[in-house]
Amino acid sequence: MDEFEKLFNFHWQGEGSPHEQLTEKQWNILKAALTIFLEKGYSAATTSEIARAAGVAEGTIFRHFKTKKDILLATIIPLMQNLVGPGVSGSLQELLTENEKLPLEEVLLIIMEDRQRHVQRIFPLLKVILVEANFHPELKEALMNGVILPSQKFFLRFIEQRQKKGELRQDMDSWVLARSLVGAFAFYLISLSLFPPMGETRQNREEIKNIIQIFLDGARSS
């Protein structure tokens, strides 16, 4: 089993598992589909392109997957469960635990730099997920349950702990504080993808520090 197949070793929630005892030809279809989805996006991809890339007839695809949407779900959902989810929420929990004794600014910088590296590594996949989750409720549910809600839980707990320590304002709701910082950083990451930085990594770090400082100027306990 190669690394690609290992990512698909998950508990399928649909009607039967499309990943049980797949042949080499079937795995090639999934690999080809994922490659094309990442290159062109789901909407622009065609099953004829996937078939050519997989080295099979187009009719062969529909013997295994009824629709193009089934191919999308069979590739993207397990990647969210086994790659994106653990990479986002799992590593966040570890970072918060490992660095819980550090000053607030240092912890936020560590988290944000780690999130930036992770997003940059998987950005093509993340772009497909975020776009298609708006149109396919199965993807939206997997995104919420596997990525967003677990990450939200860990980060809210962190904010609440820092409020109890007196480092953050206690007169503001923890959700408001968390959303303010995450929102600012998310916009920063999106802007990086649309407008690549003109400087070195050091300058990116300074930008992140400034985002943290702006947040803390309004959120720090006086």
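Since we're looking at a predicted model, the values are computed, not measured.

### Regarding the overall build of the protein chain
Here comes step 1: Tallying secondary structure elements over the protein chain gives nine helices and zero strands in all.
Here comes step 2: Counting from the amino terminus, the protein chain carries its helices and strands in the arrangement α-α-α-α-α-α-α-α-α.
Here comes step 3: Expressed as a percentage of the 222 residues in the protein chain, the buried residues total 44%.
Here comes step 4: Accessible surface, the protein chain: about 12700 Å² in total, of which carbon and sulfur atoms supply 54%.

### Things to note about the packing of helix α5 (residues 68-98) against helix α7 (residues 137-164)
Here comes step 1: Closest axis-to-axis distance for the α5/α7 pair is 8 Å, and the angle between their directions is 5°. The angle between the axes of α5 and α7 places the two elements in the roughly parallel class.

### Examining the packing of helix α6 (residues 104-132) against α7
Here comes step 1: At a minimum axis separation of 14 Å, α6 and α7 run at an interaxial angle of 170°. As the angle between them shows, α6 and α7 are arranged roughly antiparallel. On α7, the residues that touch L104, V107, L108, I129, L130 and E132 of α6 are L139, L143, F155, F158 and R162.
Here comes step 2: In the contact of α6 with α7, the residues fall into nine nonpolar, no polar and two charged.

### A look at the environment of G166
Here comes step 1: Within the secondary structure, G166 sits in the loop between α7 and α8 (174-194).
Here comes step 2: Taking the C-alpha atoms as reference, G166 lies 6.2 Å from S221; in sequence the two are 55 residues apart.

### Notes on the layout of surface pockets
Here comes step 1: In this structure, the largest pocket occupies an estimated 1400 Å³ of space.
Here comes step 2: Elements with a minimum of two residues in the lining of the largest pocket: α5, α6, α7 and α8.
Here comes step 3: When its residues are assigned to classes, the lining of the largest pocket shows 28 nonpolar, five polar and four charged.

### What about the pattern of salt bridges?
Here comes step 1: Summed over all chains, the structure comprises nine salt bridges.
Here comes step 2: Residues E113 and R205 are paired through a salt bridge, measuring 2.6 Å at the closest nitrogen-oxygen approach. Linking E113 in helix α6 with R205 in helix α9 (residues 201-219), this pair joins segments that are 92 residues apart in sequence.
Here comes step 3: Residue class for R205 comes out partly exposed when judged on its relative accessible area of 35%.
Here comes step 4: A salt bridge links R162 to E167; its shortest N-O distance comes to 2.9 Å.
Here comes step 5: Judged by its relative accessible area of 2%, R162 falls in the buried class.
Here comes step 6: When its relative accessible area of 22% is taken as the criterion, E167 is described as partly exposed.
Here comes step 7: Taken together, the shared-partner salt bridges in this structure form one network comprising D114, R115 and R117.

### With respect to the packing of aromatic side chains
Here comes step 1: Per the counting criterion, the structure on display carries three aromatic pairs.
Here comes step 2: Residues F185 and Y188 carry aromatic rings whose centres are separated by 5.9 Å and whose planes lie at 25° to one another, so their mutual orientation is stacked. Here F185 pairs with Y188, and both are found in helix α8, just three residues apart, close to one helical turn.
Here comes step 3: Accessibility expressed as a relative area gives 8% for F185, which makes it buried.
Here comes step 4: The ring of Y42 carries the charged tip of K68 above its face, separated from the ring centre by 4.4 Å.

### As for the side chain of H136
Here comes step 1: Note on placement: H136 falls in the loop between α6 and α7.
Here comes step 2: With residues up to four places along the chain from it excluded, the contact list for H136 reads Y42, K69 and L72.

### Structural notes on helix α3 (residues 47-54)
A turn of α-helix holds 3.6 residues, and therefore any two residues three or four places apart point the same way.
Here comes step 1: Along α3, the residues that are buried comprise T47, E49, I50, A51 and A54.
Here comes step 2: Trailing α3 by a residue or two, G55 shows a phi angle of about 75°, which is positive.

### Things to note about the confidence of the model for the protein chain
Here comes step 1: The share of residues in the protein chain with pLDDT of 70 or more is 85%, and the mean pLDDT across the chain is 83.
Here comes step 2: Looking across the protein chain, the model is least confident in helix α1 (residues 3-6), with a mean pLDDT of 55, and most confident in α3, with 94.
Here comes step 3: pLDDT under 50 marks residues 10-18. Its contacts with residues more than four places away, or in other chains, come to 15 contacts.

Definitions and limits used
- Residues numbered from 1 in each chain as written.
- Predicted model: local features only at pLDDT ≥ 70, side-chain atom pairs only at ≥ 80, totals over all residues.
- Heavy atoms only, no water.
- Helix = DSSP H or I, 4+ residues; strand = E, 2+ residues; numbered from the N terminus.
- Buried < 20%, exposed > 50% of the residue type's maximum accessible area, 1.4 Å probe, protein only.
- Areas by Shrake-Rupley, 256 points an atom, 1.4 Å probe, with all protein chains shown as cover.
- Axes fitted to C-alpha atoms, helices over the stretch in contact; angles between N-to-C directions.
- Parallel < 35°, antiparallel > 145°, perpendicular 65-115°, else oblique.
- Contact = heavy atoms within 4.5 Å.
- Nonpolar A, V, L, I, M, F, W, Y, C, P; charged D, E, K, R; others polar.
- 1 Å grid on protein atoms, 1.4 Å probe; cavity = no way out; pocket = protein on both sides within 12 Å on 5 of 7 lines; lining within 4 Å.
- Points joined across faces, edges and corners; volume = space filled by probe spheres on them.
- Salt bridge = Lys/Arg side-chain N within 4 Å of Asp/Glu carboxyl O.
- Phe/Tyr/Trp six-rings, centres within 6.5 Å; stacked < 30°, edge-to-face > 60°.
- Lys NZ or Arg CZ within 6 Å of the ring centre and 35° of its normal.
- pLDDT = per-residue confidence, 0-100.

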